[in-house]
Amino acid sequence: MEIKKELLEKMFNFHGHKCWASTLGFRAGLIALRGLGAQRIGSRGLYAIVETGYFHGAVCFLDGLQYATGCTVGKAGLIWKPRGKLAFTLVDPKRENK
Ligand SMILES: [Zn+2]
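Reading the values: the criteria
- Residues numbered from 1 in each chain as written.
- Predicted model: local features only at pLDDT ≥ 70, side-chain atom pairs only at ≥ 80, totals over all residues.
- Heavy atoms only, no water.
- Salt bridge = Lys/Arg side-chain N within 4 Å of Asp/Glu carboxyl O.
- Donors = N, O, S within 2.8 Å, 3.2 Å for Na, K, Ca; no water.
- Helix = DSSP H or I, 4+ residues; strand = E, 2+ residues; numbered from the N terminus.
- Buried < 20%, exposed > 50% of the residue type's maximum accessible area, 1.4 Å probe, protein only.
- Pairing = 2+ DSSP bridges.
- Axes fitted to C-alpha atoms, helices over the stretch in contact; angles between N-to-C directions.
- Contact = heavy atoms within 4.5 Å.
- Phe/Tyr/Trp six-rings, centres within 6.5 Å; stacked < 30°, edge-to-face > 60°.

Draft legend 1. Up close: the pattern of salt bridges. Taken as a whole and judged by the stated rule, the model has 4 salt bridges. A salt bridge links Lys18 to Glu9; the shortest N-O distance between them is 3.5 Å. Sharing partners across several salt bridges, the network here consists of Glu51, Arg83 and Lys85.

Draft legend 2. Layout of the coordination of the zinc ion. Protein coordination of the zinc ion is provided by His15 (NE2), His17 (NE2), Cys19 (SG) and Cys60 (SG), with donor distances spanning 2.1 to 2.3 Å. Spacing between the donor residues of the zinc ion along the chain follows H-x1-H-x1-C-x40-C. Within this pair, whereas Cys19 is found in the loop between helix H1 (5-15) and helix H2 (20-36), its partner Cys60 is found in helix H3 (residues 56-69), the two being separated by 41 residues in sequence. Residue classification places Cys19 among the buried residues on the basis of a relative accessible area of 14%. Cys60 sits in the buried class, given a relative accessible area of 1%.

Draft legend 3. Representation of the sheet that holds strand S3 (residues 88-91) in the model. The 3 strands lie next to each other as S2-S1-S3, forming an open sheet whose pairing is mixed. Since the sheet does not close on itself, it has two edges, and those belong to strand S2 (78-80) and S3, each with one partner. Strand-to-strand twist of the sheet, defined as the mean angle between neighbouring strand axes without regard to direction, takes the value 10 degrees. Relative to S2, strand S1 (residues 47-50) runs parallel, the two sharing 3 bridges. Bridge pairing in S2 places Val50 opposite Trp80. This element, H3, spans S1, S2 and S3 of the sheet and lies at about 165 degrees to S2.

Draft legend 4. Representation of the packing of aromatic side chains. Across all of its chains, the model carries 4 aromatic pairs by this definition. On the numbers, 6.2 Å between centres and 50 degrees between planes, the contact of Phe61 with Phe88 is tilted. One end of the pair, Phe61, is in helix H3; the other, Phe88, is in strand S3, with 27 residues separating them in the sequence. Taken together, the aromatic side chains of Phe14, Phe26 and Tyr67 make up a single cluster linked through ring pairs.

The following block contains the structure:
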């Protein structure tokens with residue numbers, strides 16, 4: 001999956017610095033969106049259950065994921081369970097039980 005450099009730079013601006021973990025979260029979020037057939041903008045009700053911890057790489061991963069999916073705490077689109085791993089589940093309520 002190719003990520004446009006311009007989009008990646010916007011994510012780095014959002015995150016505040018360039019790092020591997022935000023890039024990984026960004027890429028993982030884009031892949032999850034593609035798997036669901038959802039889009040960042042326009043997928044109403046989309047939310048993420050994130051299992052990262054509080055360590056540096058984990059929160060960077062979380063920022064990348066938020067930027068990719070548009071699922072943020074502020075929009076009640078993110079449930080954060082600090083379990084110390086780089087894992088998440090992206091849920092599109094329109095597709096549940098289908
Ligand atoms: Zn970072």
